Number of protein chains: 2
Amino acid sequence: MSILAVGSIAFDSIATPSGKVENILGGSATYFSLSASYFTDVRVVAVVGNDFTVEHESVLKKRGVDTAGIEHANGKTFRWGGQYLENLNEAKTDFTELNVFESFKPQIPAAYKDSKFLFLGNIHPGLQTAVAKEMNAVRLTGGDTMNFWIQGALQDLRETLKYVDILLINDGEAKMLGGERNLLRAAQKVLALGPKALVIKHGEYGATIFFREGAFGIGRHPFRAPTLPIDEVKDPTGAGDSFAGGFMGYIASQEEINREVLKRALFYGGVMGSFAVERFGTERLQSLTREEIEERFEIFRELTHLE
Amino acid sequence: MSILAVGSIAFDSIATPSGKVENILGGSATYFSLSASYFTDVRVVAVVGNDFTVEHESVLKKRGVDTAGIEHANGKTFRWGGQYLENLNEAKTDFTELNVFESFKPQIPAAYKDSKFLFLGNIHPGLQTAVAKEMNAVRLTGGDTMNFWIQGALQDLRETLKYVDILLINDGEAKMLGGERNLLRAAQKVLALGPKALVIKHGEYGATIFFREGAFGIGRHPFRAPTLPIDEVKDPTGAGDSFAGGFMGYIASQEEINREVLKRALFYGGVMGSFAVERFGTERLQSLTREEIEERFEIFRELTHLE
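What comes next is a walk through the structure.

## Overview of the pairing of strand 6 (residues 78-83) of chain B
Residues in a regular strand point their side chains to alternate faces of the sheet.
Residues and elements named next belong to chain B.
Inference 1: Counting buried positions along strand 6 gives six out of six residues, so the element sits mostly inside the fold.
Inference 2: Burial of the side chains of strand 6 extends over both faces: F78, W80 and G82 are buried on one face and R79, G81 and Q83 on the other.
Inference 3: Relative to strand 6, strand 2 (residues 10-16) is paired through six bridges, and the arrangement is parallel. Among the inter-strand pairings, F11 is bridged to a residue of strand 6, identified as R79.
Inference 4: Of the strand pairs in this sheet, strand 6 and strand 7 (residues 92-97) are connected by five bridges, and their pairing is antiparallel. Following the sheet pairing, Q83 is matched in strand 7 by K92.

Given below as structure tokens:
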């Protein structure tokens, strides 16, 4: 079933120990959409400037992504520069030029209103809430956020969390949002804010999903999907959004939403994140096959599977 | 089958966010032996001073550990003080008093020479090698080390690694020893130094075992055992040695040593490490039952197990 992704489209300049690129296509909506496109139909709402060309758009279109919701504004597209030279697990931002993204107000095309799944990429929580309120046919909403909003827009974020069924954040964000250094207790605090489930991403160690009591079935334990250590992480940019795309995309492709589906989705999230970092930018996500995805899913499953 | 553990016995003074204790029984050989005692017979070689009482020894004896190999030297027992107030994942050392441990030369009792399994706790690699050379009936040797020896006694350590079948270290140590920031490549470099397998411990994220090509059976992929996030980590001291005790103890309890056994051993390692941190010092490791261990093993297995 169709999934609507709202987020950013950006041009990124990135330096990693493996090399350097400038002004390549990126942004949360881009990574999410490409990743989810291997599982289901994807629609995007985002904003770009005059420098966003037909070739850029074709990257999404080639993967069947519906780009009618991309707003073309007068000005330059959002630009971000960062590097991972010291630490592959954390970007050091060199510059942020919001450009047309600064005044972004997501406009949902009428044709998108029947979307059954919604992903709220990492934008201001006030905008996330506005989108969530407009989408009345949605079965499940996934959402992302970051330290910047947890510190600077907590009241807005708390409101957003009432509309988010599954929040996907990393360890540091979970501890900050939960106000607890212990991950389990932080997760419990975050779930008390609204989400039915919380996915905490651990970078190279995989991800854990915590469930609110009684949500998506029975059981008191969280579930963890590992990732396989890979030979060379070329560019970590977009790993989290690619994870979210695999996770949400797989869920949207299933008839039912239950714990077993969410567990498998967590593995697919890890699979897509691990592909994303193998090349700079979106390169690897543009050229995958479903067979490659299934093969890696099997490897990840066997990674922790006892006979 | 019997396992011989060589390492330290210490009195620890520890401060964590959960509290503070002084001069409690600790040391690598202590944690390892108590943990392994739930799986197999354990013999210890270590050194203590005049302040090591019958009550201290009874902690080990009550768990059936053979303490005949503990040398009683004239002086004080090794003392360590540390705290985890800022970071539960890394101890900040307040003081180290080596005392009788400074001139420790492991003496293996004749009755221990038939031990089929050997664990070389974290002591000077020169001493580890001397012990390994003396033990001729050993089927499998496990070993630990730390940054201090990697930086300060690398040539000795390289010699030790020729005698170690399975090395157990953490992420930072593996990267330092392998001279690589990428974990997979670091693991490959470490395996090239001698060990047939390398266990890298990831703290709260579990552990991964990497195999040398063709060692312990067929297969090109590593294996990862997760741990369950726990509610309160009271005291992380000894988690690594408790992990090693569960890992080696389970292996020693099995007829055959193959990949499936090593995979299960990795889970048991995580189980024992997770128990150790629930109370200060060795308290939790003194009072476990095999049923509690099996119950947690099942929880950890289900944590990543897809139907």
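## Describing the environment of E256 of chain B
Inference 1: Relative to the helices and strands, E256 of chain B resides in the loop between helix 8 (239-252) and helix 9 (259-276).
Inference 2: For E256 of chain B, the residues in contact, after removing those within four places along its chain, are R139 and V261 of chain B.

## Notes on the sheet that holds strand 7 of chain B
Residue and element names in this part refer to chain B.
Inference 1: Spatially, four strands are ordered 3-2-6-7 in an open sheet, and the strand pairing comes out mixed. Only two strands of the sheet have a single partner each, and these edge strands are strand 3 (19-26) and strand 7. Neighbouring strand axes in the sheet, compared pairwise and without regard to direction, differ in orientation by 15° on average.
Inference 2: Note that strand 2 and strand 3 share six bridges and pair antiparallel. The partner of T16 across the bridge, within strand 3, is G19.

## Things to note about the packing of helix 6 (residues 171-178) of chain B against helix 7 (residues 183-191) of chain B
In a pair of packed helices, the angle between the axes and the distance between the axes together describe the arrangement.
Residue and element names in this part refer to chain B.
Inference 1: Between helix 6 and helix 7, the shortest axis-to-axis distance is 8 Å and the interhelical angle comes to 60°. It follows that helix 6 is oblique to helix 7 by the angle criterion. The two elements helix 6 and helix 7 meet at a crossing, and its hand is left-handed. Listed contacts from helix 7 to D171, A174, K175, L177 and G178 of helix 6 are L183, A186, K189 and V190.
Inference 2: Its residues assigned to classes, the contact of helix 6 with helix 7 shows five nonpolar, one polar and three charged.

Parameters at a glance
Residues numbered from 1 in each chain as written. Chains lettered and ligands numbered in written order. Predicted model: local features only at pLDDT ≥ 70, side-chain atom pairs only at ≥ 80, totals over all residues. Heavy atoms only, no water. Buried < 20%, exposed > 50% of the residue type's maximum accessible area, 1.4 Å probe, protein only. Helix = DSSP H or I, 4+ residues; strand = E, 2+ residues; numbered from the N terminus. Pairing = 2+ DSSP bridges. Contact = heavy atoms within 4.5 Å. Axes fitted to C-alpha atoms, helices over the stretch in contact; angles between N-to-C directions. Parallel < 35°, antiparallel > 145°, perpendicular 65-115°, else oblique. Left-handed = near helix turned anticlockwise from the far one by under 90°. Nonpolar A, V, L, I, M, F, W, Y, C, P; charged D, E, K, R; others polar.

By themselves these figures say nothing about function.
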